[in-house]
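# Overview (structure and organization)
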Amino acid sequence: MAKFISCQVREAHLDLDEPISLFREALDLRPHDHPDRPLVSLSCPNEPGIINLASALLRRFEQHGDGNDLDEAIQHYRAALQLTPVGHPHRSLSLNNLASALWTRFSQRGDGNDLDEAIQHHRAALQLTPAGHPHRSLSLNNLANALSTRF
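What counts, and where the lines are drawn
Residues numbered from 1 in each chain as written. Predicted model: local features only at pLDDT ≥ 70, side-chain atom pairs only at ≥ 80, totals over all residues. Heavy atoms only, no water. Helix = DSSP H or I, 4+ residues; strand = E, 2+ residues; numbered from the N terminus. Buried < 20%, exposed > 50% of the residue type's maximum accessible area, 1.4 Å probe, protein only. Contact = heavy atoms within 4.5 Å. Areas by Shrake-Rupley, 256 points an atom, 1.4 Å probe, with all protein chains shown as cover. pLDDT = per-residue confidence, 0-100. Salt bridge = Lys/Arg side-chain N within 4 Å of Asp/Glu carboxyl O. Polar contact = N/O pair within 3.5 Å; in protein donor to acceptor, adjacent residues only side chain to side chain. Core = buried A, V, L, I, M, F, W, Y, C linked by side-chain atoms within 4.5 Å. Axes fitted to C-alpha atoms, helices over the stretch in contact; angles between N-to-C directions. Parallel < 35°, antiparallel > 145°, perpendicular 65-115°, else oblique. Left-handed = near helix turned anticlockwise from the far one by under 90°. Nonpolar A, V, L, I, M, F, W, Y, C, P; charged D, E, K, R; others polar. Expected span 1.5 Å × (residues − 1).

## Section: the overall build of the protein
Secondary structure summary: the protein contains seven helices and zero strands in total. When the helices and strands of the protein are placed in sequence order, the string is α-α-α-α-α-α-α. Taken across its 151 residues, the protein has 39% of its residues classed as buried. A separation threshold of at least 6 residues defines the contact pool for the protein, and within that pool the share at least 24 residues apart is 51%. Entry remark: accessible area of the protein is about 9000 Å², with carbon and sulfur atoms responsible for 55%.

In C-alpha cells:
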C-alpha cells in the first residue's frame, strides 16, 4: 500500500519539462519521413515518436493549465495522424488521440469547431474498430462522450 501511495504522490508532482525536452531531442534525430516517426512502438514504448511528445505536453497541460501546451499537443497529434496512412494498424489510435485533445480544448475554450472536429475523428476511429476489436469500446465511449457534450 505504501508503494502505491508513494507512486501516486510522485506522479502528482511529476516535472515534465525534462522528458518533453528529451522527447524533442530524440524526435529531432528521427528523419521526418521515417515510417515510425509518429508512433510509440508497442514493443519498445521508449522509442521516440510524436505521440510521446504530444502526450507529455497534454499531461503537462493537465497539470499546469498552460494552453500553449495543449495547442502544441494538438499540433503534434495532427502531425502523427498525417504520418499514419490509411490502413496503418495505429491509425485509430492517432484519430482518438487527436480527437480527445480537441475535446479537451473545446472543454477549456468552448470553440464548437474543436468539438465538431473531435466528433469527426472519433467517428473515423470507430469505423476502424469493427465488432470484436479490442479498442471498440474505447471508440464507442469516446464518440458517445463527445456527442453528449453537444447537448
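Still to come is the rest of the account.
## Describing the confidence of the model for the protein
For the protein, mean pLDDT is 83; residues scoring 70 or higher make up 79% of the total. Mean pLDDT in the protein bottoms out at helix 1 (residues 2–12), which sits at 37, and peaks at helix 6 (residues 112–127), which reaches 97. For residues 1–10, every residue scores under 50 in pLDDT, and the model assigns this stretch zero contacts once sequence neighbours within four places are set aside. Of the regions scoring below 50 in pLDDT, residues 40–48 engages in 16 contacts with residues more than four places distant in sequence or in other chains.

## Looking at the pattern of salt bridges
Scanning the model with the defined rule gives eight salt bridges in all. Between Glu72 and Arg24 there is a salt bridge, with the nearest N and O atoms lying 2.4 Å from each other. Note that Glu72 is positioned in helix 4 (residues 67–82) and Arg24 in helix 2 (residues 17–28), a separation of 48 residues in sequence. Each member of the salt-bridge network shares a partner with another, and the members are Asp71, Arg105, Arg109 and Asp114.

## Thoughts on the environment of His88
Secondary-structure assignment places His88 in the loop between helix 4 and helix 5 (91–109). Relative accessible area serves as the criterion here: at 21%, His88 is assigned to the partly exposed category. One polar contact links the side chain of His88 to the main-chain amide nitrogen of His90, over a distance of 3.0 Å.

## What to know about the nonpolar core
One finds Ile20, Leu58, Ile74, Tyr77 and Leu98 to be the most contacted residues of the largest nonpolar core, which totals 24 residues. If you tally residues by element for this core, the top one is helix 3 (residues 50–64), at eight residues. When neighbours within four sequence positions are excluded, Tyr77 is seen to be in contact with Ile51, Ala54, Ser55, Leu58, Asn97, Leu98 and Ala101. Core analysis: the second largest hydrophobic core is formed by six residues, Phe106, Ile119, Leu126 and Leu143 among them.

## Some points on the packing of helix 2 against helix 3
Relative orientation and spacing of two packed helices are given, respectively, by the angle between their axes and the distance between those axes. Look at helix 2 against helix 3: their axes get within 9 Å of each other, and the N-to-C directions meet at 160 degrees. By the angle between their axes, helix 2 is roughly antiparallel relative to helix 3. Regarding helix 2 and helix 3, the two cross each other, and that crossing is left-handed. Residues Asp17, Ile20, Phe23, Arg24 and Leu27 of helix 2 form the contact with helix 3, whose own contacting residues are Ile50, Asn52, Leu53, Ala56, Leu57 and Arg60. The residue makeup of the contact of helix 2 with helix 3, split by class, is seven nonpolar, one polar and three charged.

## So, the side chain of Thr84
Relative to the helices and strands, Thr84 resides in the loop between helix 4 and helix 5. There is a polar contact of 3.4 Å between the side chain of Thr84 and the side chain of Ser94.

## Some points on helix 3
A turn of α-helix holds 3.6 residues, and therefore any two residues three or four places apart point the same way. For helix 3, spanning 15 residues, the distance from its first C-alpha to its last is 21 Å, which sits close to the expected 21 Å at 1.5 Å a residue. Among all positions of helix 3, only Ile50, Ile51, Asn52, Leu53, Ala54, Ala56, Leu57, Leu58, Arg60 and Phe61 are buried. Looking one or two residues past helix 3, Gly65 carries a phi angle of roughly 75 degrees, positive in sign.

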